[in-house]
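So the chains spell out like this:
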There are 2 protein chains.
Amino acid sequence: MEYIQRPSAMIQNYLESSIKWDLLPAHLADTARYGTLDGGKRIRPVLVLLTCEALGGNPEEALPAAAALELVHCFSLIHDDLPALDNDVLRRGRPTVHVHAGEPMAILAGDLLLAMAFGELAGMKMPSDCIAALVEELANGTRDMVVGQVFDTLGGLPEDIEPLEQLQMVHRNKTGALLRAACRMGALCAHADGDKLDIMTTYGEAVGLMFQVVDDLLDVTQSAEHVGKATGKDSALGKRTYPGLLGIKGSETVIDELCQQACDAMAPLAEKAIPLQELCRYMAIRTR
Amino acid sequence: MEYIQRPSAMIQNYLESSIKWDLLPAHLADTARYGTLDGGKRIRPVLVLLTCEALGGNPEEALPAAAALELVHCFSLIHDDLPALDNDVLRRGRPTVHVHAGEPMAILAGDLLLAMAFGELAGMKMPSDCIAALVEELANGTRDMVVGQVFDTLGGLPEDIEPLEQLQMVHRNKTGALLRAACRMGALCAHADGDKLDIMTTYGEAVGLMFQVVDDLLDVTQSAEHVGKATGKDSALGKRTYPGLLGIKGSETVIDELCQQACDAMAPLAEKAIPLQELCRYMAIRTR
């Protein structure tokens, strides 16, 4: 996808060269790098850079915020994969971090990446009110993501709401919160005002939920080789999923609707909206 | 210790009443509160409030920064106690968080507290350049603390330095980094300039190392009942410690020297220095 390639390369380069890995002891740095520099799709930081650019900001200036979001995402994968949580041994086609470096190192490297993410924001060359707003977004997004992981693995959802609502509550937190934060942080890096921040929030929320419905669907329809991690786990664990509740066709309909919502939200930005609309459509058809 | 009581009560009250626990699902909130509201001594946040006050700042305004530091400290205890790391079952006289709430919840509650710590800073009623500086301090302090825990449990220290230097490197990171950050964050909340920030940095570094030498000594000389956690663990694990390297008398001498260093650093503040000097002396004699 052409709109992804340039920002994705910018982020990969930043993560490799601008993060101060050399301040860390070698084995910790190796583990943190292993969990970060592994060729993920970088959807979250790409969203930061593209939303910033769509609102007239300079994506170069937003790079540390984009990297911070990716560090948080990578920290969450490392911890979620731990034996006590999802107990996954394969991620993006490679052994997960605790398989690679041991469980103690995986726990600590995850903690480290979360702390370093906020360090990235603090070091930005941005007006400090912008930095404070970015810290708030990232902190709230991370908090909500953890809440989503708790719902997903340990329950605790309100019992007086419909199963589909419960599932949305898991997804909106577990995956949606950080994708929403990505879009809002990109907007903040462009010094966006209320209306423009609202546009990006609506886009981010629709894309965030859509992303997880797509993920649910991939878990059912694709092989592990294709996705790069174990599939079929959701139904094996008896987890509630979109295809489980709505079927494959029903889930595809939801994906299409959310994609449309996201693209419509961007309409006021006219041609500036095109990269984000294309990215959304690209994410929607991962399952087809 | 009279100088501790008032700030300690302020922090306890803030942690109980001003942290937004009610935004969280009940079982996660319960676990996070269990790991936070457990009657620890609150040394780190007390240092934030007392350093702020010693430099003419308003400790009420510094409360969220003090709470943030305590949240980071509590997160680190929860993760350090995990079976994969120190595998401790007793902390402050109670079952550790993973014994109380299970390992998955302990991992996630720790992650949550770290994210919420930065949220506390972002929401402060302070000039935003002060917030950005506080975020930087807390992020670096947390990073260095994780580095210290890695050194302590997984090795990786430089081999070309003396054993005592290696031990200092562990302690300065594992315990010292956050105590240093506490003093600097208190100074930042008082909008301290370069010289005053330097004073608090010197004080914080001496107190930080002293605190861990005291802890090493307690592990040798005191019963578990007295300390509130398992003792005798260091030597059982073959860990290098101050009493192991310098003996009990030698360690006491180091404590006295570091205490003197810390108190001397504060001399320029005249009578404003008294509470911090008293706190330092109080921490030094925990072992006697």
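Structure shown above.
What this report covers is the structure whose coordinates are included nearby.

Here is what the cut-offs are and how they apply
Residues numbered from 1 in each chain as written. Chains lettered and ligands numbered in written order. Predicted model: local features only at pLDDT ≥ 70, side-chain atom pairs only at ≥ 80, totals over all residues. Helix = DSSP H or I, 4+ residues; strand = E, 2+ residues; numbered from the N terminus. Rg over C-alpha atoms; globule rule 2.2 N^0.38 Å. Buried ≥ 20, exposed ≤ 12 C-beta atoms within 10 Å, placed from the backbone. Contact = placed C-beta atoms within 7 Å. Least-squares fit on C-alpha atoms with pLDDT ≥ 70 in both. Core = buried A, V, L, I, M, F, W, Y, C linked by C-beta atoms within 7 Å. Expected span 1.5 Å × (residues − 1). Axes fitted to C-alpha atoms, helices over the stretch in contact; angles between N-to-C directions. Parallel < 35°, antiparallel > 145°, perpendicular 65-115°, else oblique. Left-handed = near helix turned anticlockwise from the far one by under 90°. Nonpolar A, V, L, I, M, F, W, Y, C, P; charged D, E, K, R; others polar. Bend = angle between axes of the 7 residues up to and from the residue.

### With respect to the overall build of chain A
- Helix and strand counts for chain A stand at 13 helices and two strands.
- The C-alpha atoms of chain A give a radius of gyration of 18 Å, which matches the 19 Å a tight globule of 288 residues would have.
- Burial analysis of chain A (288 residues in total) assigns 55% to the buried set.
- Expressed as a percentage of contacts within chain A between residues at least 6 apart in sequence, the contacts between residues at least 24 apart total 71%.

### A few points about the relation of the copies chain A and chain B
- In the superposition of chain A on chain B (RMSD 0.0 Å, axial shift 0.0 Å), the rotation amounts to 180°. In short, the pair behaves as if placed about a two-fold rotation axis. Nearest to the rotation axis, the C-alpha of A:S128 is located 2.6 Å from it, this being the minimum over chain A.
- Same-surface contact between copies: 100% of interface residues of chain A are shared with the interface of chain B.

### With respect to the nonpolar core
- Counting residues in each nonpolar core, the largest one holds 204 residues, and the members touching the most others are A:V135, A:L138, A:M210, B:V135, B:L138 and B:M210.
- Residues in contact with B:M210, not counting those within four places in the same chain, are B:I255, B:L258, B:C259, B:A262, B:M283 and B:A284.

### Observations regarding helix α6 (residues 103-122) of chain B
- Spanning 20 residues, α6(B) covers 29 Å between terminal C-alpha atoms, matching the ideal 28 Å at 1.5 Å per step.
- Of all the 20 residues making up α6(B), 18 are buried; the element is thus mostly covered by neighbouring parts of the structure.

### Section: the interface of chain A and chain B
- Between chain A and chain B, the contact holds 42 residues from the first and 42 residues from the second.
- Those elements that place two or more of their residues in the side of chain A that touches chain B are α2 (26-36), α6 (103-122) and α7 (128-154) of chain A.

### Notes on the environment of A:L258
All names here are of chain A.
- Counting through the fold element by element, L258 comes out in helix α12 (residues 242-265).
- Under the C-beta neighbour-count criterion, L258 is labelled buried, with 23 such atoms within 10 Å.
- For L258 and A284, which are 26 residues apart along the polypeptide, the C-alpha to C-alpha distance reads 8.9 Å.
- Apart from the residues within four sequence positions on either side, L258 is in contact with A206, L209 and M210.

### Looking at the environment of B:G141
- Along the polypeptide, B:G141 turns up in helix α7 (residues 128-154).
- Sequence separation between B:G141 and B:M185 is 44 residues; the distance between their C-alpha atoms is 10 Å.

### A word on the packing of α7(B) against helix α8 (residues 163-189) of chain B
Residues and elements named next belong to chain B.
- For the pair α7 and α8, the least separation of the axes is 7 Å and the interaxial angle reads 170°. Of the possible angle classes, the one that applies to α7 and α8 is roughly antiparallel. The handedness of the crossing between α7 and α8 is left-handed.
- Residues of the contact of α7 with α8, tallied by class, amount to 14 nonpolar, four polar and six charged.

### Comments concerning the packing of helix α4 (residues 59-80) of chain A against α7(A)
All names here are of chain A.
- At their nearest, the axes of α4 and α7 sit 11 Å apart, and the two run at 20° to each other. Taken together, the axes of α4 and α7 are roughly parallel relative to one another. Considering how the two elements wind past one another, α4 and α7 form a crossing that is right-handed. Residues A65, A68, L69, V72, S76 and D80 of α4 pack against L134, L138, T142, M145 and Q149 of α7.
- Across the contact of α4 with α7, the residue classes break down as seven nonpolar, three polar and one charged.

### Considering unusual backbone geometry
- For A:R92, which is not glycine, the phi torsion reads 50° and is therefore positive.
- Checked against the element boundaries, A:R92 lands in the loop between β1 (90-91) and β2 (94-95).

### Details of helix α4 (residues 59-80) of chain B
Residue and element names in this part refer to chain B.
- With 22 residues, α4 should cover 32 Å at 1.5 Å per step; its first-to-last C-alpha distance of 30 Å lies within 8% of that length.
- Where α4 bends most, the angle comes to about 30°, and this point is A65.
- Counting buried positions along α4 yields 20 of 22 residues, so the element is predominantly enclosed.

None of this, on its own, says anything about what the molecule does.
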